[in-house]
Amino acid sequence: MSVINMDYVAKPTVDGLVWAAVPGMLFQQDRQTSLHPLSLSWVFGYNSSLAVHSLMDGEDRVLLYVSSHTVVIHDVLGNRQYHLQGHTNVISCLCVSEDRRWVATADQGPDALIIVWDSFSGIPVRTIFESHLEDGVGAIAISQDAKYLATISSGTVQRVCVWKWTSPTEKPMCSTELKPEFGYQDYVIFNPQNPYEFVSNSKTQVIFYLWSNAGLQYGAPLLSSQTFKSTVGRFSQSVFHFNNLQALTGTSAGKLVVWDTVGPHIPSRELRAKPHSVKAIKLVPIQKDSLTVLKVFESCIVTGDVKGQVKFYDGQLRLLTCYSHSKVGSIQSISFSKTPPDPAGEAPGGSGTTSCIAGSQPFVTRNFILSTSDATVLHVATDRANFEKVMEEATKAVNAITCHPREALIAVGSHCGLLKVWDYQQPQYLVSRIFPKAGIQCLSYDPKGYFLAAGFTDGSVYILDAISLQSSCKEFKFSWGPVTHISFSHDSEYLATADEKYSVTVYKRVWRNGRRCWEHLAGLHSHYKPIRSILFGVQLDSNKPRLLSLGEDRQLVEYDLNSSSKDHLVVLHRDRVEQIAVPLCLAWYPQLSTESFILTANNCYKMKLYDTTTKMCRKTLLGPTYGSPLEKMQILPTTNTTDSQKHYLVYITKDKVGLQILPVDGNPHKSSAFICHPGGVSNLASSYDGRYVFTAGGNDCTVMKWEVNLNALDAAASLGGEDLIPFYNLLDGGREGEFFRELEDYFYYAQLCSHGIDTLETRQVSTHIPLEEIPSVMRAMGFYPSEEKIEEIINEVKFSKYVDTGEQVTTISFGDFIKLYINHRPVFGLSMKRIQQAFQVLGYDNENGDKVIDRGDLLLLLQHRGERMTEEELVQCLSTLLGRRPGEGGSGSGTYDPSGAAALTEEGIPAAITAEIFAADILGLPIAEPEKKSKKRDESLIYKDS
């Protein structure tokens, strides 16, 4: 059989696609159906701290910008987007080649990447791994000939590297380290006339570089207010002059620093071999306002400033023209069109627009794209001095999103007070409103779609008309702090909020003066730690609403709305739902069986089902384990009329969005997740028909729209195997491993113990063991549940069929035991960090600076705190751990004797106990070698399935 090298076959195919690509072909291709359960469909918002580039102009106006970890190519006129996805961290910088074909992006964080993309085909043509291992990339530039990249790392000690990205080598051609006193170098640009020369600057220092195969040289000329007896200001951007050897740097004082070499006139090649000879020769004041952008375009020097003015100068720094508009903010970037403007257009500029023409001849340059620091993008037609707003997005964190319950609408609110409503099907912006006094923290449509409620960072609550966004009533301000959650009841009669001060506030619709209006009902300081969820439901025996709140204090609180009155919110039940873990989110579980459940997820990657009436924990299940626990979850709305029992859960973790097939059972193949906001995802919403999921990125100021493909998730779950196959793979070594055989041995040994080891009667061979043996087998396999946990485990099995049959289950099969064990055991085993944290809280510092606990204090704590142990139980446990009989050292009778217990503890346990002594010498757990050698490594596992 012949073997084909797929790398050899695939490469020419990709190369062929790249070199055959032409501008605009991205949007001419037919959109293929994604094979992933979730695929990015649209991005609302962008990173306003990075540049926006114009790829095409005229009839095909195409922009390129960054949203979180995604590069967006946006066809503005055609209302289409194409997404370049490959980064797993937030993109920190980007640059575009002169011909707009090659786009280089870089990020900061773990496994930072540099990727070079072909903007014509959307194909990543080069990925550079491990470029700056410590901190990622802070600045990047591409040479005029598009062969070389210059990168500057983002660490405290910055490293400058030059790469030939067309070469397959993973190492830079040259690099050097910069001194920290130069400041953080956040801007770099090549000399258009010489790819072996580039310049970078921080706010306080400009550095000139010259590189070759021999290495990288640099010079950092000094400049202060004393140099020219004038205020310099802070540096913004630098450029090379287009017709001489000089360089220019813009400053916050509205001045241009002119850099040149000092000494006798020598040929340029020799000159460039001496970057140390560059000095500031002139400080040219060109305006009063701070300069933010400096570019060289054709035969002009172009500046942008904090007042939104764009000015053009000739080579002698004489003003040619300026473009300004009264509503343009501080300019962040300028990008010129590839094609000249249409000479036929001679219409005057719009209102508030000015074009200052210097000289008798009108100056007309190419159209350009402006991006501002207030997240606005404008297209400027230079022949008409016309400013056209292309995008206006949020400038601060976006945490608030909600979908309309009946129409394809999404409302997005940000901390800058901007509320926007989009038609996400088109997508098309519909209406907006600015709230200047406070930021929007949370949003919710009522189930009928008439109202839109907004919670603000100053504790105020607005109830708006869902269409016009006008206030339906006067604002409420009854919350004690910023509003974090807001929700309507199913009948739109109640509105509840939670705030950062751990309080729940309820509002109610009432009749007043012949019309329906909202009024404040009552509030309650019902938790003592942050509230994670508030949830309305429907009472089982009526159609009346019920309200629950879940807090990090492990309390699930249900309120009695019927008995509540003005300024008096009644608590119906208060239940503790966790013993050690912290609950993070809450949802009503679909009616998949006779019993009704509430679903919770905690910080230990576990999901739990609680009976809606008794609040009894009925099941504990392994949740999705994608780097961080579930932060929020919702039952995905479904329009599937063929199978009403088919339901799905959508959730977010710290940086991912995912889908889970219901019912939850611990099968990892029934779940899938994708990175959505590497900087942190703050909220989640789903469309009324379940076709789309939306995620808000908080500080990245973006909202992402994800298209749902449930068939892909179902297919992945089927490929993962059925019945016990997925669970076998979660055991160390799998079905054929040593751990499985050991588990099997313990299981059947427990079966022998239940019949009696020494019995001579004929044994009844069975595949089940009594429920009483479950804790013993769990502990034998290295999982040590608390007494409360044991009760939960046994009750889970005992009452698993009670609702349907009315009978309790008394035994468990081997297959069910494997599922039970996997679902209940800790996901990451026991770590030394957990024990050290306990010693940090309970211990004191000894003379060596180590945290220790006194032996007597430890024994008292074990007998009086948590799940208290009797003295007899304590002695029994310590005897077993230390390998002694309780009577040894005392009476010698082998029975419990207090004096023998005291002798045992004094002899076997030191007076001062450290975390390491407790783990290794008392518990007898193996500690990883790095843990013993270095106390910095506190994440190492003590055991896992040992």
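Calculation criteria
Residues numbered from 1 in each chain as written. Predicted model: local features only at pLDDT ≥ 70, side-chain atom pairs only at ≥ 80, totals over all residues. Heavy atoms only, no water. Helix = DSSP H or I, 4+ residues; strand = E, 2+ residues; numbered from the N terminus. Contact = heavy atoms within 4.5 Å. Pairing = 2+ DSSP bridges. Phe/Tyr/Trp six-rings, centres within 6.5 Å; stacked < 30°, edge-to-face > 60°. Lys NZ or Arg CZ within 6 Å of the ring centre and 35° of its normal. pLDDT = per-residue confidence, 0-100. Salt bridge = Lys/Arg side-chain N within 4 Å of Asp/Glu carboxyl O. Buried < 20%, exposed > 50% of the residue type's maximum accessible area, 1.4 Å probe, protein only.

Q: Describe the environment of Pro-530, with residues and values.
A: On the secondary structure map, Pro-530 appears in the loop between strand 41 (515-524) and strand 42 (531-538). Between the alpha carbons of Pro-530 and Asp-499 there is a distance of 8.3 Å; along the sequence they are 31 residues apart. In this structure, Pro-530 is in contact with Tyr-502, Gly-551 and Glu-552, ignoring residues within four places of it in sequence.

Q: Explain the pairing of strand 2 (residues 53-56) residue by residue, including any values.
A: Note on strand geometry: in a regular strand, side chains alternate between the two faces of the sheet. With three bridges joining them, strand 2 and strand 3 (residues 62-67) adopt antiparallel strand pairing. Bridge pairing in strand 3 links Ser-54 to Leu-63.

Q: I'd like a rundown of the packing of aromatic side chains, residues and numbers included.
A: What the rule picks out here adds up to 40 aromatic pairs. Through a chain of ring-to-ring contacts, the aromatic side chains of Tyr-728, Phe-740, Phe-747, Tyr-748, Phe-814 and Phe-817 assemble into a single cluster. The ring of Tyr-429 has Lys-420 lying over it, and the distance from NZ or CZ to the ring centre is 4.8 Å. Stacked on the ring of Tyr-692, the Lys or Arg Lys-705 has its end atom at 4.4 Å from the ring centre.

Q: Pulling in residues and values, what's your account of the confidence of the model for the protein chain?
A: In this model, the protein chain carries an average pLDDT of 88, and 88% of its residues clear a pLDDT of 70 or more. Confidence drops under pLDDT 50 across residues 889-896; counting only partners more than four residues distant or on other chains, this segment forms 11 contacts. Segment residues 930-946: pLDDT under 50, and 41 contacts once partners within four positions in sequence are set aside and those in other chains are kept.

Q: An account of the pattern of salt bridges is requested, with residue identities and associated values reported.
A: Applying the stated criterion across every chain yields a total of 28 salt bridges. For Arg-61, the salt bridge identified is with Glu-388, shortest N-O distance 3.1 Å. Here Glu-388 lies in strand 30 (residues 386-392) and Arg-61 lies in the loop between strand 2 and strand 3, a separation of 327 residues in the sequence. Of the residues examined, Arg-61 reaches a relative accessible area of 10% and is grouped as buried. Across the pair Asp-383 and Arg-384 runs a salt bridge whose closest N-O atoms are separated by 3.6 Å. Linked through salt bridges whose partners overlap, the residues forming this network are Arg-532, Glu-552 and Glu-631.

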